[in-house]
Structure formats: C-alpha cells, structure tokens
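Remarks on the overall topology
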Amino acid sequence: MKKFFINTYGCQMNVHESEKLAGILYNRGYVAAKSNEDADIIILNTCCIRETAETRVLGNLGMIKKLKEKKPDLIVGICGCMPQKEGTAEYLRRRCPFIDIIIGTHNMHLFSQYLDEALAKRKVLDIWDSEGTIECSPIRRNSSVSAFVNIMYGCDNFCSYCIVPYVRGRERSRNFDEVVAEVRALVESGYKEITLLGQNVNSFMGGKPYFSKLLRALSVFDGEYRIKFMTSHPKDLSEDVVEAMASSDKLADYIHLPVQSGSDRILKLMNRKYTVKDYLSKIDLLRSYIPSIGISSDLMVGFPTETEEDYMCSERLIERVKYNNLFTFIYSRRSGTVADKMDGQIDLAEKTKRIERLIAKQFEIGNTLAQSYIGTTFRVLCDSFDGKTCFGKSSCDKSISFPGDQSNVGQFVNVKVTMAKNNKLIGEIV
Ligand code: SAH
Ligand code: SF4
Ligand code: F3S
C-alpha cells in the first residue's frame, strides 16, 4: 500500500488543512506513513508567520532532497502559506527542482488532480487561485475527541507586522447553515470538543450579530460537548458574543484574546485599532459575565521602535490581566508588510533579552495562579492517556493531568486539583 507523510508547520488552521489533505489521500487509497523516510508522498504544509517557521521548512527540504535522490519515484509536494508569499513559489521552483507540486492555501481541495499530474511526471505550480472557501470531504481528523471546523478564511485586518492577509487573501465566511450542519454531525458522531477556526471569528459574515447567533445555534444539540473558537480580535469582540458564551454551558468558558503589546504607541503602529484601555474593558466585560473564564493571549516583543518603557507596559499588562496562558513571540520582519519598512528595527540580542524577561514574568504569574487552583474541582474533558496518566482540559482551558486509564479518553470527568508543579495542574477524579 502506498503511504504519505504530511509535515505541518503552522497554526491550527494549518493543522486542520493537513487533516483535509489526509482525507483526500485516504480517499485515494493511500495510508499514513510513520515518517518521511517511510513515505511515497511527502507533503510540507508550510507556515511563514515568522522567519523561524520558514527556516524549519527550508531545513527539512534539504533532508527531503536526499530522500528523493535515493527514491526517484517519491512525490514531494509543498503547500500552505509559504508558497503564497511573493516570489517564494518561483524561488522554490528554481532552488528545489525536485519538488513536484507547489500549491498555495486556496486550492488544496484540488490536490487529487495535482497528484495525478505529478504521478505522470509533470511539475505543478499553482498559487493564488480564486479566494474561494476550501471545503474537502471526507476529512481525516487527528483526534476522535476534538475537531476543528473552519468558519472563515483570510483576513482583512492588515496588522502592520503580519503576513497573513497577503498569503491568505481577503476575509470570507462559510455559509451559516453549512457550519451548523458540520458541527451537528460531529457532535452526533461523538466528538466532545469543537473548535471554530478563523483569523477573526468575531467578524463572521461581516460582523455583529452573526457570530453570537452562530454560537447560540451550536449550543442546542443533545449531550455534553464544548464549543471553542479562535481567534477573536479584541476590536471586534462584542457584548452579544460574551452574553452568548455566558448563556450556555456548551460554550467553553475560555477565550484567546491576542493583545500583542501593552503600549498604546506600539498598538497604534501595529494597526491594531484598540488601546490598552479598550482591551482591558473587554477583559472586565468577559469577567463580569463569566467570573471563572480562562483567558489566553499572544504578545510580541521587539516591534520596531519598542523602547524599554513600551516593553514594561507589556509586563504591567500581563500582571494586570493574569493570563492562563501566554504565547510570546519575537517580532520577525516579514517582507511586504508595513512594519518591515519602519525605522527603528530592534536588534536580535535586545529582542531576545526582552522575551526571556517576559517568559519569566508569565511563568511567575502562571505559577501563582496554578497554586490558587489547588482544591478546586474542574469538569475535565480527557483527551489522551499515555499508558500511565490521563490528560485533559477544563472548560476554562486549564490543562490537568490525573491518574486514569484508556476508558477515560473522550469522557468528561470531575477532577480535583491536588498539586501544582511548574505551572502544571495535577489532580484526581472525584
Ligand atoms: N489572527 C490571529 C492570529 C494570527 S498569527 C490574531 O489576530 O491574533 C498568530 C500570532 O503570531 C499573532 O497573534 C502574533 O502574535 C504573531 N505574529 C504575527 N506576525 C508576526 C511577526 N511578524 N513576528 C512575530 N510574531 C508574529
Ligand atoms: Fe494577522 Fe492581524 Fe489578521 Fe491576525 S488579525 S491574521 S494578526 S493581520
Ligand atoms: Fe497559519 Fe502560519 Fe499561515 S500561522 S495562517 S500557517 S502563515
């Protein structure tokens, strides 16, 4: 049986697109290989959000070139955001002639056709097709407990540092009823956690009030399950969404609300369209409706012209908000973006110092929070068992491990936190 291996480099949307590609390949009779070495088709589903993501892809291409030399019939495909970046597809075609298929983010639903071309020894290069939505069926999901569902594609926000609007195209939403039907089918087939995906879910179908309507429409199915969504842009998070979240226990008590910086001056340069005060008022709104809500965020250091004082504003902000979880990034120049042309780029040594300080600060905050949960009981969805320990998450997105067995996987259980070690919660079923 012919085998494929997909290397995934990006965000949850990228992970979900790998599941769609896997669906196409299974449908053609291929099965998953354990590694690149073991595969007849290798796909690199790429990301270009930061330079480090691209470096990983380019590094792996070196290794794949050697595999292809040993195995000339190997098919190598590259897709995702990287080939959509201006000049990159042509660069890859020139520098890596061993790649058979180069496609982007808008046309992976056509992968079966591209594969036929490649099997006939013809090279494929097809990027920037239309900006349609890319529905594929059947999807080969990585988990039988948690599932991703796309509700939107693309982004219109043009945050000045970000490449996504250039590589994913304009914002477009899926049909409301189609989303409801997909989620209903997933819940009916036993999925317990559904994450709705979009770069800016709050502007689903153009904005207010459609996203809250969607959330309400997704919270009426029978059985215990949880709906999460990602990502919310703070400027578009409205009270009707918060109200909807509070109105149903099927909607998780969790939000990822990227702040990016704690300095108004930097936020303006980032084109984020909110101030720290606006942001904090959304946090207060969320906590007034849902006191136990878990909040996570993305925060970047070293944006052009960021001073020590700007950086300290970010530290003060995380102290004020006390995030459950913080994803920290070093600003990475992306060609074609507005910020790349700004004066005052910060050198890497300084950016590295700042991120180390930020990580240490968040560790401290997380640790104090974790200690405060000792004795609390959470409703936990168990998503895995490693032979010794079960792992799962609470509605407010806290990760908790506890003794159990394989039969707990896919089940909701009440877990009382007994210990907090290095930010990690450990508990037992009660
Ligand atoms: N649409 C989402 C997430 C986009 S990318 C949102 O608006 O939040 C995920 C995160 O990567 C961003 O939130 C940002 O913190 C980070 N990021 C984006 N571009 C970056 C860049 N050029 N350098 C460093 N981090 C970046
Ligand atoms: Fe990038 Fe901003 Fe769009 Fe998020 S909202 S994808 S950070 S441009
Ligand atoms: Fe996601 Fe990376 Fe593209 S973060 S949208 S895969 S650039």
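Now for a description of the structure that goes with this document. (Residues numbered from 1 in each chain as written. Chains lettered and ligands numbered in written order. Predicted model: local features only at pLDDT ≥ 70, side-chain atom pairs only at ≥ 80, totals over all residues. Heavy atoms only, no water.)

**Digging into helix α11 (residues 308–321)**
How we decide: Secondary structure is summarised from DSSP: a helix means a run of H or I of at least four residues, a strand means a run of E of at least two, and numbering begins at the N terminus for each. One less than the residue count of a helix, multiplied by 1.5 Å, gives the span that helix is expected to have. The cut-offs for exposure are 20% and 50% of the maximum accessible area for each residue type, with area from a 1.4 Å probe on protein chains only; residues under the lower value are buried, those over the upper are exposed, and the others partly exposed. What makes two residues a contact is simply this: any of their non-hydrogen atoms within 4.5 Å.
The first and last C-alpha atoms of α11 sit 20 Å apart over 14 residues, in line with the 20 Å expected at 1.5 Å per residue. What α11 keeps buried is the set Asp310, Tyr311, Cys313, Ser314, Glu315, Leu317, Ile318 and Val321. On its buried face, α11 is in contact with α9 (264–269), α10 (276–289), β13 (294–301), β14 (325–330) and α12 (348–372). Two residues or fewer after α11 comes lysine 322, characterised by a positive phi angle close to 55 degrees.

**Here's the deal with the nonpolar core**
Threshold: What is meant by a nonpolar core is a set of buried Ala, Val, Leu, Ile, Met, Phe, Trp, Tyr and Cys residues, joined one to another through side-chain atoms within 4.5 Å.
By size, the foremost hydrophobic cluster in this structure holds 65 residues, and its most contacted members are Val183, Ile194, Leu196, Phe211, Leu214, Leu215 and Tyr279. When residues in this core are grouped by element, the largest group, 6 residues, is from helix α6 (residues 176–188). When near neighbours in sequence (up to four residues on either side) are disregarded, leucine 196 contacts Val149, Ile151, Val183, Val201, Phe211, Leu214, Leu215, Leu218, Ile227, Lys228, Phe229 and Met230. In this structure, Tyr9, Leu74, Phe98 and Ile99 belong to the second largest nonpolar core, which totals 26 residues.

**Section: the sheet that holds strand β15 (residues 377–385)**
Rules: For two strands to count as paired, DSSP must find a minimum of two bridges between them. To obtain an axis, a line is fitted to C-alpha atoms, over the contacting stretch when the element is a helix, and the angle between two such axes runs from 0 to 180 degrees between their N-to-C directions.
Pairing within the closed barrel is mixed, and its 5 strands lie in the order β15-β16-β17-β19-β18. Shown here is a sheet whose adjacent strand axes are inclined to one another by a mean of 50 degrees, direction ignored. Where β15 and strand β18 (residues 412–421) come together, 5 bridges link them in antiparallel fashion. Along β18, the bridge assignment pairs valine 380 with valine 413.

**Some remarks on the pattern of salt bridges**
Quick reminder of the rule: Just to be clear on terms, a salt bridge is a Lys or Arg side-chain nitrogen sitting within 4 Å of an Asp or Glu carboxyl oxygen.
One pass over the full model with this rule turns up 30 salt bridges. Two residues, lysine 20 and glutamate 135, come together in a salt bridge whose shortest N-O distance is 3.8 Å. Of this pair, lysine 20 sits in helix α1 (residues 12–27) while glutamate 135 sits in the loop between β6 (124–126) and β7 (146–150); the two residues are 115 residues apart in sequence, bridging distant segments of the chain. Given a relative accessible area of 1%, lysine 20 falls into the buried group. Here aspartate 236 ties to lysine 235 by a salt bridge, and the two come within 2.8 Å at their closest N and O atoms. Judged by its relative accessible area of 25%, aspartate 236 is partly exposed. Assessed through its relative accessible area of 27%, lysine 235 is described here as partly exposed. Through salt bridges with shared partners, one network takes in Lys20, Glu135, Arg141, Arg174, Glu178 and Glu182.

**A few points about the site of ligand 3**
Here is the rule we go by: Near is defined per residue: the residue qualifies when any heavy atom it owns lies within 4 Å of the molecule or strand. Gly is placed with the polar residues, together with every amino acid not listed as nonpolar (Ala, Val, Leu, Ile, Met, Phe, Trp, Tyr, Cys and Pro) or charged (Asp, Glu, Lys and Arg).
In the vicinity of ligand 3, the contacting residues are Gly10, Cys11, Asn14, Cys47, Cys48, Ile49, Cys81, Arg168 and Gln199. Of the residues that constitute the shell around ligand 3, the class distribution is 5 nonpolar, 3 polar and 1 charged.

**Topic: the environment of asparagine 157**
Within the secondary structure, asparagine 157 sits in the loop between β8 (152–153) and α5 (164–168). Sequence separation between asparagine 157 and histidine 233 is 76 residues, and the spatial gap between their C-alpha atoms is 9.3 Å. Sequence-distant contacts of asparagine 157, defined by excluding residues within four places in its chain, comprise Asn200, His233, Lys235, Asn271 and Lys273.

**Notes on the packing of α11 against α12**
Applicable threshold: If an angle is under 35 degrees, it is roughly parallel; if it is over 145, roughly antiparallel; if it lies from 65 to 115, roughly perpendicular; otherwise it is oblique. What makes a crossing left-handed is the near helix being turned counterclockwise from the far one by less than a right angle; a clockwise turn instead makes it right-handed.
Interhelical geometry of α11 versus α12 gives an angle of 15 degrees and a closest axis separation of 10 Å. As far as their axial angle goes, α12 and α11 are roughly parallel. When the axes of α11 and α12 are compared, the crossing they make is right-handed. Contact residues: Glu308, Tyr311, Met312, Glu315, Ile318 and Glu319 in α11; Arg354, Arg357, Leu358, Lys361, Gln362 and Ile365 in α12.

**Some thoughts on unusual backbone geometry**
Of the consecutive residues serine 137 and proline 138, the connecting peptide bond is found in the cis state with omega at -5 degrees. By secondary structure assignment, the location of proline 138 is in the loop between β6 and β7. Residue threonine 231 is bonded to the preceding methionine 230 through a cis peptide linkage, with omega at 10 degrees. With respect to the secondary-structure elements, threonine 231 resides in the loop between β11 (226–230) and α8 (239–247). In this model, lysine 121 sits at a positive phi of 65 degrees, which is unusual for a non-glycine residue. Mapped onto the elements, lysine 121 comes out in the loop between α4 (111–119) and β6. On the accessibility criterion, lysine 121 (62% relative accessible area) is exposed.

**Observations concerning the packing of aromatic side chains**
Inclusion rule: Two aromatic rings from Phe, Tyr or Trp, using only the six-membered ring of Trp, form a pair when their centres are within 6.5 Å; if the ring planes differ by under 30 degrees the pair is stacked, by over 60 it is edge-to-face, and anything between is tilted.
Following the criterion strictly, the structure yields 9 aromatic pairs and no others. Relative to tyrosine 26, the ring of phenylalanine 4 has its centre 5.6 Å away and its plane inclined at 90 degrees; by these criteria the two rings are edge-to-face. Linking phenylalanine 4 in strand β1 (residues 3–8) with tyrosine 26 in helix α1, this pair joins segments that are 22 residues apart in sequence. The exposure class assigned to phenylalanine 4 is buried, which follows from its relative accessible area of 5%. For tyrosine 26, a relative accessible area of 26% puts it in the partly exposed group. With a centroid separation of 5.4 Å and an interplanar angle of 65 degrees, the aromatic rings of phenylalanine 303 and tyrosine 331 are classed as edge-to-face.

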